[in-house]
Each structure stands twice: as structure tokens, then as C-alpha cells.
Amino acid sequence: EQIEKGGYDHFMLKEIYEQPQAIRDTFRGRMLVDQGLIKMAGIDDHIDKFLNARRILIVACGTSWHAGLVAEYIFEDLARIPVEVEYASEFRYRNPVIDKDDILIAISQSGETADTMAAIKMAKDKGAFVFGVCNVVGSSISREAHAGAYTHAGPEIGVASTKAFTTQITVLTLIALQLAKKKGKISTSDFHRYLQELDTIPEKVEKALGSNDHIEKIAAIYKDAPNCLYLGRGFNFPVALEGALKLKEISYIHAEGYPAAEMKHGPIALIDEQMPVVVIATRKGHYEKVVSNIQEIKSRSGKIIGIVTEGDVDVRDLADHVIEVPDTIEFMTPLLTTIPLQLLSYHIAVMLDKNVDQPRNLAKSVTVE
Ligand code: G6P
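Treat the numbers as computed from the prediction; the structure is a model and nothing was measured.

Peer 1: So what exactly am I meant to see when it comes to the overall build of the protein chain here?
Peer 2: When its secondary structure is counted, the protein chain shows 15 helices and 12 strands. Over its C-alpha trace the protein chain gives a radius of gyration of 20 Å, about what one expects of a compact globule, namely 21 Å for 369 residues. Reported as C-alpha extents along the three principal axes, the dimensions of the protein chain are approximately 55 × 45 × 45 Å. Counting over 369 residues, the protein chain shows a buried share of 54%. Here the analysis covers contacts within the protein chain between residues at least 6 apart in sequence; of these, 74% occur between residues at least 24 apart.

Structure representation (C-alpha cells):
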């Protein structure tokens, strides 16, 4: 096992560090930057279905559901296709309206999650076209779907999902870009610019990983907090949810993720000097509004950990700590802002002496309801 961990203390840490390569592997053969092309057989072979789709329904569970939420923002923004994201477990039992003009995208790392599988079967029965985004090659969901795209993250052993999440977002971003281009919703020059920027994401993830020691120090300060709040807006709202999920999964600290502006409708009541609040405040994307949310937290003595763009000044002035990530195009920020949140949870869990790779009560693959 020590050998399999490749010198890392835990699979989770190894998998966090594998993300630059995992994202490159997800691009491989699909993103041809020099030619300004995306090639994805699962999409290209069924392009008419996608171009004529009335809407896209995304179903998933857990971390994969968070990737689906990020995808909703990206698909609607770039490709202008209406998207709804649902927990597979809710969708399958609520008699949803689906027909043959709908596309269902099922996201699943393992490709074995029972609720996601049941949602697919129901959607197929109602005539929808089902597209699978799975990591495990040959898994049940990848076989049940009409078409699909693998994430190529490589085996993920840690129960808390890390590289599967970022590669799911990567695949879904490629799909959104391809559809946006084919639908004529983005210009050729923007399409090229996006591909070029996406191509730099692995090295930017690498850079974000460079904050590991700094994050470990922050973890030492907050490891005994009983609660933690995560806030983000827009593309980074789902990242806040995912950050909170990571913390509760492996450290057993109660954490909640919230859209930053919703804070005033409830969570603000929780804020006092005991409450660490992780705020994703990258320069692009409602930055001023998030800064004013940070001011509200500060005036109630909450402890602020800001995830900011390199060189940020405003949040640094207000926050107790900042963790920088490289600058990028707004819809690509989740691929970077996720990294410090994974590392923060990891270090807190290690310091609390928890079983990081196999947290209590959780399973890597949930094949029963
Ligand atoms: C379990 C795992 C999570 C995962 C979820 C969905 O709860 O512990 O990490 O996100 O299942 O799994 P899937 O394989 O469908 O992505």
C-alpha cells in the first residue's frame, strides 16, 4: 500500500497532487489547441441530439452533483441551453417531466451509484437521450448510457473525491465549449482563447498546490472549530458546497456551504468570533459583492479565510488569512479554487487524527439505495 501511495501519507493527498496530470489526461486527444478544435466522439456522433435538445437534465450524487452544478452555470453561460441539476435520489422518485427532446447527463465517478443508475433507467424509459460522465471504464452507468465521455482521472482510492471532481468539471467544460461553438453562441476567437486558457489550467493547478504549506498552517489554527461556513457566488457557489462537503466527510466538523448572498437569510446568525468562514472571492465574478459579504462577516467578528486571485489587495485587508490562486477566465475558476479547499480539509483531518482515506460511515461507491 505504501508503494501505491507513491510516497504520500494518504491516497487523498496523492490524488490531490495528481490533478494537474489528471486534467491533462482528460484533455488528451480531445482538445486540439493548435487546430482550435475539440473532438469528443460521444458528443460529435450525436451532435444533432444535443443541438436540438430542449434542455439538459443533470443527475448525480455527492461530489458529482456539485460538478453538475458547476456545469449548469457553464452550459447556460456558454451554450445557452437550459439546464436543471438534480440529486438522482430525488429525481427518480418524483415523477419528473421528461421526454425525447431532453438529454440526461449522469455524472458518476464510480459509474455504479444505485440512485444515479435508477435515474438513467427512468429517463431512458421516457425516451430521453442519456449521456454518461464516468471515471471507471466499463462501469455499469457507462454501459447503460447511450453515449458518454470518460474523465480519465485514473483510479481514485480516497473515499473523499478530489481528482474525479476536477476532471468531471474539465469534461463538462469541453462539452459546453463544443456545444457553444456548434450552436454559434460563441465567436471563433473566443473559442480559441478559451482553449488556450484551458490548456494552462494544469500548470495553474500546480501553482495552487504550491500553497500547501501555508494552508497547513491555517489548518492548524482552525482544526478545533466545531463549525465552519463556506461561501461563494456564481461559478464558485458549487465550489463552496464541495469545500464544506470535503470538510465534513473527512474531519467530521460540521460545515455548510452557501451562496454568499444568501448568508443574510440565515447563516449570518451563526457568525461570531468562533466561526471560521471560508469565502471564495476571486477577482472575476461578483467580486465587489463578495467583498461586501466579507465586510458583513468581519463586522460580526467571524474569522475569514479568503480564497483570492494572486495579487489581491481588498480581501487581504479584511481577511484573517488569504490563499491565492492564479488568475483565469471566470468560468474556469472552480478548477483552481477547489484545490485549496481540498488541502484545507485534508490537513485538518490529518491533524485531528481521522481516517482520511476511509472516513467512518462512508463508502467510495454506493451501490444500494
Ligand atoms: C459516495 C462517495 C462520494 C461520491 C458519491 C457519488 O458518497 O463517498 O465521494 O461523490 O458517492 O459517487 P459517484 O461514484 O456516483 O460519483
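Next comes the rest of the account.
Peer 1: Teacher, can you tell me more about the confidence of the model for the protein chain here?
Peer 2: Interpreting fine coordinate detail is not advised for predicted regions of low pLDDT. Taken as a whole, the protein chain shows an average pLDDT of 96; of its residues, 100% reach a score of 70 or greater. In the model output, the complex is listed with pTM 0.97 alongside ipTM 0.98.

Peer 1: Please clarify how the environment of I218 should be interpreted in this entry.
Peer 2: Checked against the element boundaries, I218 lands in helix α11 (residues 212-222). I218 sits in the buried class, given 22 other C-beta atoms within 10 Å. Ignoring anything within four residues of it in the chain, the contact list for I218 reads I305, H321 and L344.

Peer 1: Help me understand the site of the ligand in this model?
Peer 2: In the region of the ligand, 17 residues are neighbours, and G62, T63, S108, S110 and T113 sit closest. Tallying contributions element by element places helix α5 (residues 62-79) first for the shell around the ligand, with 3 residues. The class makeup of the residues in the shell around the ligand is 6 nonpolar, 10 polar and 1 charged.

Peer 1: Before we go on, may I ask you to explain the packing of α5 against helix α9 (residues 163-182) in this structure?
Peer 2: Between two packed helices, what matters for the description is the angle formed by their axes and the separation of those axes. The contact between α5 and α9 brings their axes to 9 Å, and the two run at 20 degrees. Accordingly, the angle class assigned to the pair α5 and α9 is roughly parallel. Here α5 and α9 pass one another in a crossing that is right-handed. On α9, the residues that touch T63, S64, H66, A67, V70, A71, I74, F75, L78 and A79 of α5 are A164, F165, Q168, I169, L172, T173, A176, L177, L179 and A180. Broken down by class, the residue content of the contact of α5 with α9 amounts to 15 nonpolar, 5 polar and no charged.

Peer 1: I keep staring at the nonpolar core and nothing clicks. Help me out?
Peer 2: Counting residues in each nonpolar core, the largest one holds 125 residues, and the members touching the most others are I58, L104, A106, A176, L231 and V279. With 11 residues, the top contributor of residues to this core is α9.

Peer 1: Can you walk me through the sheet that holds strand β6 (residues 129-134) in this structure?
Peer 2: The 5 strands are arranged β4-β3-β5-β6-β7 in an open sheet whose pairing can be described as parallel. A single partner strand is all that each edge strand has here, and the edge strands are β4 (83-87) and β7 (147-150). Sheet twist, expressed as the average angle between the axes of neighbouring strands with direction ignored, equals 20 degrees. Where β6 meets β7, 4 bridges bridge the pair, whose relative direction is parallel. The residue of β7 that forms the bridge with C134 is Y150. On the sheet, helix α7 (residues 114-125) packs against β3 (55-60), β5 (102-108) and β6 and is oriented at approximately 165 degrees with respect to β5.

Peer 1: I would appreciate a short explanation of the packing of α9 against helix α15 (residues 334-351) in the present structure.
Peer 2: Here α9 crosses α15 at 175 degrees, and the two axes come no closer than 10 Å. Between α9 and α15, the crossing angle belongs to the class labelled roughly antiparallel. For the pair α9 and α15, the contacting residues are F165, T166, I169 and T170 in the first and P334, L335 and T338 in the second. Taken together, the residues that form the contact of α9 with α15 break down as 4 nonpolar, 3 polar and no charged.

Peer 1: Help me understand the pairing of strand β8 (residues 227-232) in this model?
Peer 2: By the criterion of burial, β8 is predominantly enclosed, with 5 of the 6 residues buried. For β8 and strand β9 (residues 254-259), the ladder comprises 6 bridges, and the chain directions are parallel. Pairing of L231 across the sheet is with Y258, part of β9. Taken together, β8, helix α12 (residues 237-251) and β9 constitute a β-α-β crossover, and its handedness is right-handed. Pairing geometry for β8 and strand β10 (residues 276-281), over 3 bridges, is parallel. Paired with L231 across the two strands is V279, which belongs to β10.

Peer 1: Got a minute to help me understand the sheet that holds strand β11 (residues 303-309) in this structure?
Peer 2: As a general point, the strands of a sheet are linked pairwise by backbone hydrogen bonds and lie either parallel or antiparallel. Sheet architecture is open: 5 strands sit in the order β9-β8-β10-β11-β12, paired in parallel fashion. Lying at the two open borders of the sheet, with one neighbouring strand each, are β9 and β12 (321-325). Put simply, the sheet's adjacent strands are angled 20 degrees from each other on average, direction ignored. In the sheet, β11 pairs with β12 via 5 bridges, with the strands oriented parallel. Within β12, the residue paired with I305 across the bridge is H321. Running at roughly 175 degrees to β9, α12 makes contact with β8, β9 and β10 of the sheet. Sheet contacts for α15: β10, β11 and β12; angle to β12, the most-contacted strand, approximately 135 degrees.

Cut-off values and rules
Residues numbered from 1 in each chain as written. Predicted model: local features only at pLDDT ≥ 70, side-chain atom pairs only at ≥ 80, totals over all residues. Helix = DSSP H or I, 4+ residues; strand = E, 2+ residues; numbered from the N terminus. Rg over C-alpha atoms; globule rule 2.2 N^0.38 Å. Buried ≥ 20, exposed ≤ 12 C-beta atoms within 10 Å, placed from the backbone. Contact = placed C-beta atoms within 7 Å. pLDDT = per-residue confidence, 0-100. Near = placed C-beta within 6 Å. Nonpolar A, V, L, I, M, F, W, Y, C, P; charged D, E, K, R; others polar. Axes fitted to C-alpha atoms, helices over the stretch in contact; angles between N-to-C directions. Parallel < 35°, antiparallel > 145°, perpendicular 65-115°, else oblique. Left-handed = near helix turned anticlockwise from the far one by under 90°. Core = buried A, V, L, I, M, F, W, Y, C linked by C-beta atoms within 7 Å. Pairing = 2+ DSSP bridges. Right-handed = clockwise from strand over helix to strand, strands pointing away.

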